[in-house]
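Summary of structural features
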Amino acid sequence: AITAGTLAVARGGTGTTAYTAGITVADQWRLTSDLAYSTASTAQVISSNLERIDSAWNGTIGTAMSVSTGIWTFPQTGIYKVESVLNMLRDNHLNEYAGGQIQATTDDSAYSVATFQWQSFADTAGLNASVYMSVLIDVDDVANDKLKFTLYGSDSGGFSVRGNTSDNSTYFTFIRLGDT
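The shown structure was predicted, so the numbers you read here are calculated from the model rather than taken from an experiment.

**Description of the overall build of the protein chain**
- Within the protein chain one finds 0 helices and 13 strands.
- Start at the N end of the protein chain and walk to the C end: the helices and strands fall as β-β-β-β-β-β-β-β-β-β-β-β-β.
- Looking at the protein chain residue by residue over its 180 residues, the buried ones come to 38%.
- Partitioning the contacts of the protein chain with sequence separation of at least 6, the portion at a separation of at least 24 is 75%.
- Total accessible area on the protein chain is roughly 8,900 Å²; 49% of this is exposed by carbon and sulfur atoms.

**Concerning the side chain of Ser-55**
- Its location among the elements puts Ser-55 in the loop between β4 (50–52) and β5 (66–68).
- Within the structure, Ser-55 has its side chain in polar contact with the side chain of Arg-30 (distance 3.1 Å).
- Setting aside chain neighbours within four positions, we find Ser-55 in contact with Arg-30 and Ser-166.

**Some remarks on the packing of aromatic side chains**
- Applying the stated criterion across every chain, the model contains 12 aromatic pairs.
- Of the aromatic side chains, those joined through ring pairs into one cluster are Trp-29, Trp-72, Phe-149, Phe-172 and Phe-174.
- Above the face of the Tyr-111 ring, Lys-148 is positioned so that its terminal group lies 4.2 Å from the ring centre.

**Comments concerning the pattern of salt bridges**
- Summed over the entire model, instances satisfying the criterion amount to 7 salt bridges.
- The partner of Glu-51 in a salt bridge is Arg-30, and the shortest N-O contact between them spans 2.9 Å. Of this pair, Glu-51 sits in strand β4 while Arg-30 sits in strand β1 (residues 26–31), and the two are 21 residues apart along the sequence.
- The class of Glu-51 is buried, set by a relative accessible area of 16%.
- Its relative accessible area of 0% is what places Arg-30 among the buried residues.

**Considerations on the pairing of β1**
- Counting buried positions along β1 yields 6 of 6 residues, so the element is predominantly enclosed.
- Residues Ala-26, Gln-28 and Arg-30 line one face of β1 and the alternating positions Asp-27, Trp-29 and Leu-31 line the opposite face, and both faces are buried.
- Summarising the sheet, β1 and strand β13 (residues 171–178) pair through 5 bridges and their orientation is antiparallel. Paired with Gln-28 across the strands is Thr-173, a residue of β13.

**A few points about the environment of Asp-108**
- Inspection of the secondary structure assignment puts Asp-108 in the loop between β8 (97–105) and β9 (112–120).
- The exposure class of Asp-108 is partly exposed, given its relative accessible area of 37%.
- Taking the C-alpha atoms as reference points, Asp-108 and Asp-145, separated by 37 residues in sequence, lie 6.2 Å from one another.
- Ignoring anything within four residues of it in the chain, the contact list for Asp-108 reads Ala-143, Asn-144 and Lys-146.

**Considerations on the environment of Gly-163**
- Relative to the elements of secondary structure, Gly-163 occurs in the loop between β12 (159–161) and β13.
- Separated by 114 residues in the primary sequence, Gly-163 and Asn-49 have C-alpha atoms spaced 8.0 Å apart.

Each value, and the rule that gives it
Residues numbered from 1 in each chain as written. Predicted model: local features only at pLDDT ≥ 70, side-chain atom pairs only at ≥ 80, totals over all residues. Heavy atoms only, no water. Helix = DSSP H or I, 4+ residues; strand = E, 2+ residues; numbered from the N terminus. Buried < 20%, exposed > 50% of the residue type's maximum accessible area, 1.4 Å probe, protein only. Contact = heavy atoms within 4.5 Å. Areas by Shrake-Rupley, 256 points an atom, 1.4 Å probe, with all protein chains shown as cover. Polar contact = N/O pair within 3.5 Å; in protein donor to acceptor, adjacent residues only side chain to side chain. Phe/Tyr/Trp six-rings, centres within 6.5 Å; stacked < 30°, edge-to-face > 60°. Lys NZ or Arg CZ within 6 Å of the ring centre and 35° of its normal. Salt bridge = Lys/Arg side-chain N within 4 Å of Asp/Glu carboxyl O. Pairing = 2+ DSSP bridges.

Here's what the structure looks like:
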């Protein structure tokens, strides 16, 4: 029987009295209206039409992520699972491939592609497609470890990502899995 104090290492404890909770951040954001891709073969940062999901059914844990001009800041250090779902619509016959990237930085400056997914569109306007992206991010410095979501297409114009203020058409999920 343990009445107080330290859980012994031999019984699965750590030998300390400190306890770290499991998931301390679970947050989700969405695109509130459609966003058109406009620059051929260039990553276009998703920097507008964003809201933290405010539907009655949505659940969150902890402090929210913050975003400014498409740059996302984490509320605390830790290992995060970051997910993105882009629901795309081919607007015309110009774009053969469409998708997105999750880009990350450890110095609040130089970003690199953490994951890149795209979908091939047939030569027909009005087609829908989705891409799912997921990456684990080690955030050991909230001032410098940041990320951004981008759109990417093979031609200029030609597709948009769907947004809606009442459902998750295009959305972003952030879950802090544990300590770094």
